[in-house]
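Structural overview
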Amino acid sequence: MKKQSSVTRLLELAGGHRRLTYLGCVLSAIAAVCGLIPYVCVWLVARDVLAVYPQVENARGLTGWGWMAVWFAVANIVIYFAALMCTHIAAFRTARNMRRQGVEHILKLPLGFFTGDQSGRLRKVIDDNAALTEDLLAHKLPDLTAAVVTPIAAVVLLFAFDWRMGLCYLLTMILAFVCMAAMMGGKNAGFFHRYQKEIEKMSGEAVEYVRGIPVVKVFQQTVYSFKAFYAAIQSYSDLASQYAMSCRMGQTGFLTCINGAFVLLIPAAFLLTGGNNGWEVLTDFIFYALFAPACGGMINRIMYASESVMEADEAVMKLDEILSQKPLPLPSAPQIPAGSDITFDHVTFQYPDSSRPALQDVSFTVPSGSTVGLVGPSGGGKSTAAALIPRFWDVSSGSVKIGGVDVRQMAGEELMSRIAFVFQDTRLFKVSLLENIRMARPSASVEEVWAAVRAARCEDILEKLPDGLDTVVGTKGVYLSGGEAQRIALARAILKDAPIVVLDEATAFADPRNEALIQKAFAKLTRGKTVLMIAHRLSTVRDVDQILVLEKGQVQEQGTHRQLLDQGGLYAKMWKDYQQAAAWKVGNPAVTPHRMQAADTGRAAAGSGKEAEK
């Protein structure tokens, strides 16, 4: 399929407002023709004056030609203003449609699409790139239309008075176009795309550098210690310098040609004067001398319009990249599950840009009302498995079922209403804590929110905030620690009161005190629920109903904490390493593995006894 030009694509996005764009371009072309008439009037005035020179008072019709020039100049301004009004309205509506279409589309995309570092890129593509197209549609497109019409009219005028002078000037115009094409074509044709890539790369590295400034200061390093940032700056500098140097010959030739028409016009005028009426030649020369700058401005418009076209090409390409992302298919006949048990049935999943599966033939069941822990080495597929339950992605093969129903056969609203997901990296919006918590259930009353706050052990957080629940996070120096933000997220999950709870390392950024409070909040959140818990701290899942050990995308072991220790496999090794790390202290002698294992077994047995007493 042939790729559409950016202008054609933008006119599609303009919808019904494309007619305003067409009207604006037509009006711009008419204005351009009107702008040429005053030059003809000047030539007519010069002709009549020189015909009776030196008796200038005998010249007839000078006033009429003068007023005609004024009225056509005014018409040029008014019609051009009307043209820009039309194209501006169309441009703003097109940018709005681009933003709306982009946002509406990403709302349909799978949740996994947003798990990467997407926010800044999406904002730039949808918002900033839409703004890039405004200049093209509002200014450059009508100017480009005028710049195309003007040469046609100009060529007619150039040969209307003296074809020889016209040919001289036409030659300079052709040479200017050749220089411009040489400057903007060839290896420079894809410059703007490379330029945008370098800007994005440099911006990304700059963000990473700013985040690392404390490290730079502590170790008394310089910007050169951040090689990636320095390399991005150098790459951008080299690209810009190379482009500027590659354009110097073309730009020099272009400016010389559009401004150097007199180099040919003046000798031509002298040669023509020798065998013709000198006054007639002078009259024609006056016209070409005045008309030459107008044609130069027209060629400049074409060059600047081509730059805007490149910007629009980049903007449309980036938007179409997002629009090309496929939303998850909707079920034709949505089903409602009868329970809250979770079943993975021979699930294999591979990320779109990955060369190997993240999960391979994984099967397990989380019975309704039970708690299952997912553990294993980093990159083993734990978070991927959890993300498949709320359908962040669709499985490559096999199925994920809730209450016996494949999640692909459930309506999105139904699926989301059944799952409370507490992420490892908590995100709070820049609104009040009340609104942050109530996002789980917007219809909840303030009393219900307070009940969730108390269940999540968040009272101490609200006590120190200036406006309690009405405090807006992120303003006036109000910020929460990682553990505090995690407890607010737990309050949100408790308020939702969903039958299934997925916890993705919910204590990852908590200090010991916050972790203890979060563990107490878990008891309220998970009571009577079906729980899938991902944990790196193995103490978190020691007392769950069942533990699954994932490694390299496959279930290597499963059973209770005691059963897995008795097997002496991967989990037993992980538990030993975890206990040894937990017992390590600065300055203590090394603890032997044998003594460590004995201590661990005693602690585990004691812990199991306490749980039995409960």
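All values derive from a computational prediction rather than experimental measurement.

1. Notes on the overall build of the protein
- The helix and strand tally for the protein stands at 20 helices and 10 strands.
- Within the protein, the fraction of its 614 residues that count as buried is 42%.
- Once local pairs closer than 6 in sequence are excluded, the contacts in the protein between residues at least 24 apart make up 75%.
- If you sum the accessible surface of the protein, you get close to 31,600 Å²; carbon and sulfur atoms cover 60% of it.

2. Concerning the sheet that holds strand β1 (residues 342–349)
- The strand order across the open sheet formed by four strands is β2-β1-β4-β5, and the pairing between neighbours is antiparallel. Two strands in the sheet have a free side with no partner beyond their single neighbour: β2 (359–366) and β5 (405–406).
- For strand β4 (residues 397–402) and β5, the ladder comprises two bridges, and the chain directions are antiparallel. Each bridged residue has a counterpart across the sheet, and for K401 the counterpart in β5 is D406.

3. A word on the pairing of strand β3 (residues 371–375)
- Across the five residues of β3, five count as buried, placing the element largely inside the fold.
- Burial along β3 is two-sided: the face carrying T371, G373 and V375 and the face carrying V372 and L374 are both buried.
- In terms of strand pairing, β3 meets strand β8 (residues 530–534) through four bridges, oriented parallel. From the neighbouring strand, T371 faces β8, where its bridge partner is V531.
- Sheet topology note: the β3/strand β9 (residues 546–551) ladder contains four bridges and is parallel. Bridged to G373 within β9 is I547.

4. Considerations on the sheet that holds β8
- Taken in spatial order, the six strands of this open sheet run β6-β7-β8-β3-β9-β10, and their pairing is mixed. Two strands in the sheet have a free side with no partner beyond their single neighbour: β6 (419–422) and β10 (554–559). Looking at each pair of strands side by side, their axes are set apart by 15° on average, direction ignored.

5. A word on the pattern of salt bridges
- For the structure shown, the criterion picks out 10 salt bridges.
- Here R391 makes a salt bridge to D394, at a shortest N to O gap of 2.6 Å.
- Of the charged contacts in the structure, one is a salt bridge between E448 and R441, with a shortest N-O distance of 3.5 Å.
- Take E448: its relative accessible area is 35%, and that puts it in the partly exposed class.
- Since its relative accessible area comes to 28%, R441 is described here as partly exposed.

6. Some remarks on the environment of D320
- Looking at where D320 falls in the secondary structure, it is placed in helix α10 (residues 278–323).
- In this structure D320 comes out as partly exposed when scored by relative accessible area, which is 27%.
- Spatially, the C-alpha atom of D320 lies 9.7 Å from that of R9, the residues being 311 residues apart in sequence.

7. Overview of unusual backbone geometry
- Phi is positive for R391, close to 65°, though the residue is something other than glycine.
- With respect to the element layout, R391 can be found in the loop between α11 (382–388) and β4.
- In this structure, K552 is a non-glycine residue whose phi angle is positive, near 55°.

8. Considerations on the pairing of β8
- For β8, the buried fraction is high: five of the five residues fall into the buried class.
- Side chains of β8 alternate between two faces, with T530, L532 and I534 and V531 and M533 buried alike.
- The pairing of strand β7 (residues 500–504) with β8 spans five bridges and is parallel. Residue V502 lies in a different strand from β8, and its bridge partner there is L532.

9. Structural notes on helix α14 (residues 446–455)
- Within the sequence span of α14, burial applies to V449, A452, V453 and A455. For α14, the angular spread of the buried residues around the axis is 165°, confining them to a single face.

10. Focus on the confidence of the model for the protein
- Overall, the prediction assigns the protein a mean pLDDT of 77, with 73% of residues at 70 or greater.
- Predicted confidence for residues 591–614 stays below pLDDT 50, and this span has 20 contacts to residues more than four positions away or in other chains.

11. Some words on the environment of G468
- The residue G468 is located in the loop between α15 (459–463) and α16 (482–496) in this model.
- Taking the C-alpha atoms as reference points, G468 and L434, separated by 34 residues in sequence, lie 8.8 Å from one another.
- Those residues in contact with G468 that sit more than four places away from it in its chain are L433 and L462.

Reading the values: the criteria
- Residues numbered from 1 in each chain as written.
- Predicted model: local features only at pLDDT ≥ 70, side-chain atom pairs only at ≥ 80, totals over all residues.
- Heavy atoms only, no water.
- Helix = DSSP H or I, 4+ residues; strand = E, 2+ residues; numbered from the N terminus.
- Buried < 20%, exposed > 50% of the residue type's maximum accessible area, 1.4 Å probe, protein only.
- Contact = heavy atoms within 4.5 Å.
- Areas by Shrake-Rupley, 256 points an atom, 1.4 Å probe, with all protein chains shown as cover.
- Pairing = 2+ DSSP bridges.
- Axes fitted to C-alpha atoms, helices over the stretch in contact; angles between N-to-C directions.
- Salt bridge = Lys/Arg side-chain N within 4 Å of Asp/Glu carboxyl O.
- Arc of directions from axis to C-beta.
- pLDDT = per-residue confidence, 0-100.

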